[in-house]
Amino acid sequence: MEKSRKVLIAEVFINDAIKKVWNLWTHSRHIKNWNNTSDDWHTPQAENDLRINGKLFLRMERKDGSEGFDYTCIYTDIVKYKKISYTTADNRKSTVLFSRLENGVKLTEIFEPEHETPIETQQAFSQSILNSFKRYVEKLD
């Protein structure tokens, strides 16, 4: 990541095994189930080609159809069970770190914010996605 650009950080602790956390984070069929900020949003389309220069495509929409957006990024670095880095379509850098701890996994997302949306909104958005992922992983026990 460029040191000159401001970054935001969101984190969550997941009481589960690293392999399960990694697999649920990276497989399209699972991404559709957890990638939302609230119950009135969903991800009807998720395509993930997890490899260097591979593409992640997500379509996020309100369930009532009133709004939605596409999210696309290209993977730049992948270390299985440790790190996924990518660049978004608008050229922002992000990294997701998977840290093994004694009783689970700390998932940390570090990302460059875009300039149109308030920082607080972007921080809350990212944290809510991670919280949704945590609930999804832990309920699959």
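To be clear, the structure that these remarks concern was listed above.
Because the structure is a prediction, the values reported are computed rather than measured. (Residues numbered from 1 in each chain as written. Predicted model: local features only at pLDDT ≥ 70, side-chain atom pairs only at ≥ 80, totals over all residues. Heavy atoms only, no water.)

Caption draft 1: Highlighting the side chain of glutamate 109. Note that glutamate 109 resides in strand 7 (residues 104-111). Salt bridges are absent for the buried glutamate 109, whose nearest opposite-charge side chain, arginine 92, sits at 8.1 Å. A distance of 3.4 Å separates polar atoms of two side chains, one belonging to glutamate 109 and the other to tyrosine 86. (Helix = DSSP H or I, 4+ residues; strand = E, 2+ residues; numbered from the N terminus. Buried < 20%, exposed > 50% of the residue type's maximum accessible area, 1.4 Å probe, protein only. Lys, Arg positive; Asp, Glu negative; His and termini not counted. Salt bridge = Lys/Arg side-chain N within 4 Å of Asp/Glu carboxyl O. Polar contact = N/O pair within 3.5 Å; in protein donor to acceptor, adjacent residues only side chain to side chain.)

Caption draft 2: Seen up close, the side chain of threonine 43. Inspection of the secondary structure assignment puts threonine 43 in strand 2 (residues 41-48). Residue threonine 43 is classed as buried on the basis of its relative accessible area of 2%. A distance of 2.5 Å separates a polar atom in the side chain of threonine 43 from the backbone oxygen of asparagine 35. What threonine 43 contacts, discounting residues up to four positions off in sequence, is Lys32, Asn35, Leu58, Arg59 and Met60. (Contact = heavy atoms within 4.5 Å.)

Caption draft 3: Fine view of the pattern of salt bridges. The full count for this structure, using the stated rule, is 10 salt bridges. Of the charged contacts, one joins aspartate 16 and lysine 20 as a salt bridge, the two residues approaching to 2.9 Å between their closest N and O atoms. Aspartate 90 is paired through a salt bridge with arginine 92; the nearest N and O atoms lie 3.0 Å apart.

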